[in-house]
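Tertiary structure, described
Listed here are the chains, written in short residue letters.
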Amino acid sequence: MKKNRLGKTEIEISRLGFGASPFGDIYNRKVTQLEANKMVEYAIGHGINYFDVAPYYGIGLAEEKLGNALPKNTDNLIISTKVGRYGLNEFDFSIKRLKSSVETSLKRLNRDYLDILICHDIEFVDKQIILDQAVPFLEKLKKEGLIRAIGISGLPLSVLKEVATKSEIDVILSYCKYTLLDQSLLSLKSFIKEKKIGLINASPYAMGLLTQNNCPEWNPFKKGSENKVEKIKKEAFNNKKTIEQLAFQYASTCPISNCILTGFSDVEELKNTLSWI
């Protein structure tokens with residue numbers, strides 16, 4: 001599988017990234033450890049080298065399952081996790097919590113370092129906390145060799161752009177912003193090029209909305225999008241495709257991202273996605 005350089009870093013990630021959020025059992029389908037093991041093994045065997053997770057997904061469960069599923073030698077893999085969000089309304093970017101969070105993630109993932117560490121959903125806290133505390137702490141970890149790249153994630157592109165403008169960010173993880181429902185991620189084209197920032201386009205299915213039956217009740221876009229989604233389902237049917245295939249193939253054409261990141265609930269989903277890309 002093709003690999004792309006992530007911005008100005010030395011990190012090269014596969015065009016398709018493996019999102020481990022379903023390992024936290026946060027969607028309608030639950031994932032057993034055995035299924036997780038099979039998916040990770042199959043993904044690596046078919047060219048995927050990038051795996052993303054977070055403490056928030058299943059409150060540690062996703063990190064634990066991914067850590068157990070990864071091979072003993074992960075030197076040829078790129079692993080990212082996140083800090084700052086630990087519950088639905090629990091955000092803590094204090095130095096003390098960041099330090100303990102990184103230590104816990106390293107243990108769960110059975111690693112001595114992290115390739116990418118991402119400040120998770122930064123729009124929910126004061127931006128100065130990210131700029132004055134979180135990013136400087138991550139810069140310290142980078143100098144110490146505990147992480148290779150600093151990232152930020154969130155939904156509003158304006159917040160991501162502002163923080164990336166005022167600090168040295170290596171990677172932006174944006175989700176739901178280049179899908180069949182929303183293409184606003186393209187507004188970052190000039191900015192990304194100028195700053196040489198790596199860009200990961202996550203959630204091509206708009207957190208389950210663009211799927212047949214895997215949209216959780218908590219999906220923030222669910223209300224008000226029903227008619228659009230039904231039209232897309234009909235278009236997919238007319239083209240002899242599933243809505244998942246249509247949504248993924250569209251999102252994978254994003255011209256400014258280094259990687260398309262999505263989660264998998266079983267090996268069959270993974271196989272289908274690999275065939276689509």
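Note: the structure precedes this text.
The sections below set out a description of the structure shown in this document. In this numbering scheme, every chain counts its residues from 1 along its sequence in written order. Where local features are concerned, this predicted model is filtered to residues with pLDDT of at least 70; where side-chain atom pairs are given and counted, the filter is 80 or more; whole-chain, interface and lining totals use all residues. Side-chain metrics in this entry use all non-hydrogen atoms of the structure; hydrogen atoms and water are not considered.

1. Looking at the overall build of the chain
What counts, and what does not: A run of H or I in DSSP counts as a helix once it spans at least four residues, and a run of E counts as a strand once it spans at least two, with each numbered from the N terminus. The buried label goes to any residue with under 20% of its type's maximum accessible area, the exposed label to any with over 50%, and the partly exposed label to all in between, with areas taken from a 1.4 Å probe on protein chains only. Here, two residues are considered to be in contact whenever any of their heavy atoms come within 4.5 Å of each other. Computed with a 1.4 Å probe, the accessible areas rest on the Shrake-Rupley method; for each residue, only the protein chains presented here act as cover. Positive charges come from Lys and Arg alone, negative charges from Asp and Glu alone, with His and the N- and C-terminal ends not counted. The atom standing in for a charge is NZ when the residue is Lys, CZ when it is Arg, CG when it is Asp and CD when it is Glu.
If you tally the helices and strands in the chain, you get nine helices and twelve strands. With the principal axes as the frame, the chain shows a C-alpha extent of 55 × 40 × 35 Å. Within the chain, the fraction of its 277 residues that count as buried is 55%. Taking as baseline every contact in the chain between residues at least 6 positions apart, the subset at least 24 positions apart corresponds to 72%. Looking at the chain as shown, the accessible area adds up to about 12,600 Å², and 50% of this sits on carbon and sulfur atoms. Across the chain, the mean location of the 39 positive side-chain charges is 3 Å away from that of the 33 negative side-chain charges.

2. Topic: the sheet that holds strand E4 (residues 50–52)
Let me state the cut-off plainly: For two strands to be treated as a pair, DSSP must find at least two bridges joining them. Axes here mean lines fitted to C-alpha atoms, for a helix over just the part in contact, with angles spanning 0 to 180 degrees between N-to-C directions.
Taken in spatial order, the eight strands close into a barrel running E3-E4-E5-E8-E9-E10-E11-E12, and their pairing is parallel. Strand after strand, the sheet turns through a mean of 30° between neighbouring axes, direction not considered. Examined bridge by bridge, strand E11 (residues 198–202) and strand E12 (residues 259–263) share three bridges and lie parallel to one another. The residue of E12 that forms the bridge with Asn 201 is Ile 260. Here helix H3 (residues 95–109) sits on the sheet in contact with strand E5 (78–83) and strand E8 (114–119), set at roughly 145° to E5.

3. Digging into the pattern of salt bridges
The line we're drawing: The working definition used for a salt bridge is a side-chain nitrogen of Lys or Arg within 4 Å of a carboxyl oxygen of Asp or Glu.
Applying the stated rule across the entire model yields 16 salt bridges. Here Glu 63 and Arg 108 are joined by a salt bridge, their closest N and O atoms 2.8 Å apart. Residue Glu 63 is located in helix H2 (residues 61–69), and its partner Arg 108 is located in helix H3; the two are separated by 45 residues in the primary sequence. Glu 63 gets classed as buried once you look at its relative accessible area, which sits at 0%. On the basis of relative accessible area, Arg 108 is assigned to the partly exposed category, the value being 23%. Notably, a salt bridge pairs Lys 233 with Glu 230, separated by 3.8 Å at the nearest N-O pair. You can see Lys 233 and its partner Glu 230 sitting in helix H7 (residues 226–238), three residues apart, about one turn around the helix. In this structure Lys 233 comes out as partly exposed when scored by relative accessible area, which is 21%. Using a relative accessible area of 41% as the deciding quantity, one classes Glu 230 as partly exposed. Through salt bridges that share partners, Arg 5, Glu 10 and Glu 12 make up one connected network.

4. Describing the packing of helix H1 (residues 33–45) against helix H9 (residues 267–276)
So the rule is basically this: Note on terminology: angles under 35 degrees are roughly parallel, angles over 145 are roughly antiparallel, angles of 65 to 115 are roughly perpendicular, and the others are oblique. When the near helix sits turned anticlockwise from the far one by under a right angle, the crossing is termed left-handed; a clockwise turn instead gives a right-handed crossing. Three residue categories are used. Nonpolar comprises Ala, Val, Leu, Ile, Met, Phe, Trp, Tyr, Cys and Pro, charged comprises Asp, Glu, Lys and Arg, and polar comprises the others, including Gly.
Between H1 and H9, the least distance of the axes is 9 Å, while the angle of their chain directions is 20°. It follows that H1 is roughly parallel to H9 by the angle criterion. H1 and H9 meet at a crossing whose hand is right-handed. Contacts between H1 and H9 pair Lys 38, Met 39, Tyr 42 and Ala 43 from the former with Val 267, Leu 270, Lys 271 and Leu 274 from the latter. Considered class by class, the residues forming the contact of H1 with H9 number six nonpolar, no polar and two charged.

5. As for the side chain of Ser 105
When you line up the elements, Ser 105 lands in helix H3. A relative accessible area of 1% places Ser 105 in the buried class.

6. What to know about the packing of aromatic side chains
What counts, and what does not: When two rings of Phe, Tyr or Trp (its six-membered ring) have centres within 6.5 Å they constitute a pair, described as stacked for plane angles under 30 degrees, edge-to-face for angles over 60, and tilted for the intermediate range.
For the structure shown, the criterion picks out seven aromatic pairs. Note on Phe 18 and Phe 51: the rings are 5.1 Å apart at their centroids and 35° apart in plane angle, and the pair reads as tilted. Of this pair, Phe 18 sits in strand E3 (residues 16–19) while Phe 51 sits in strand E4, placing them 33 residues apart in sequence. Neither residue differs from the other here; Phe 18 and Phe 51 are each classed as buried. Measuring from ring centre to ring centre gives 6.2 Å for Phe 248 and Trp 276, while their planes differ by 45°; the resulting arrangement is tilted. One end of the pair, Phe 248, is in helix H8 (residues 243–251); the other, Trp 276, is in helix H9, and 28 residues separate them in sequence. Each of the two residues, Phe 248 as well as Trp 276, counts as buried. Members of the aromatic cluster, connected to one another through ring pairs, are Phe 18, Phe 23, Phe 51 and Phe 264.

7. Examining the environment of Glu 168
Its location among the elements puts Glu 168 in the loop between helix H5 (157–166) and strand E10 (171–175). What makes Glu 168 partly exposed here is its relative accessible area of 49%. Spatially, the C-alpha atoms of Glu 168 and Lys 195 are 9.0 Å apart, while their sequence positions differ by 27 residues.

Geometric descriptors of this kind do not, in isolation, establish any biological role.
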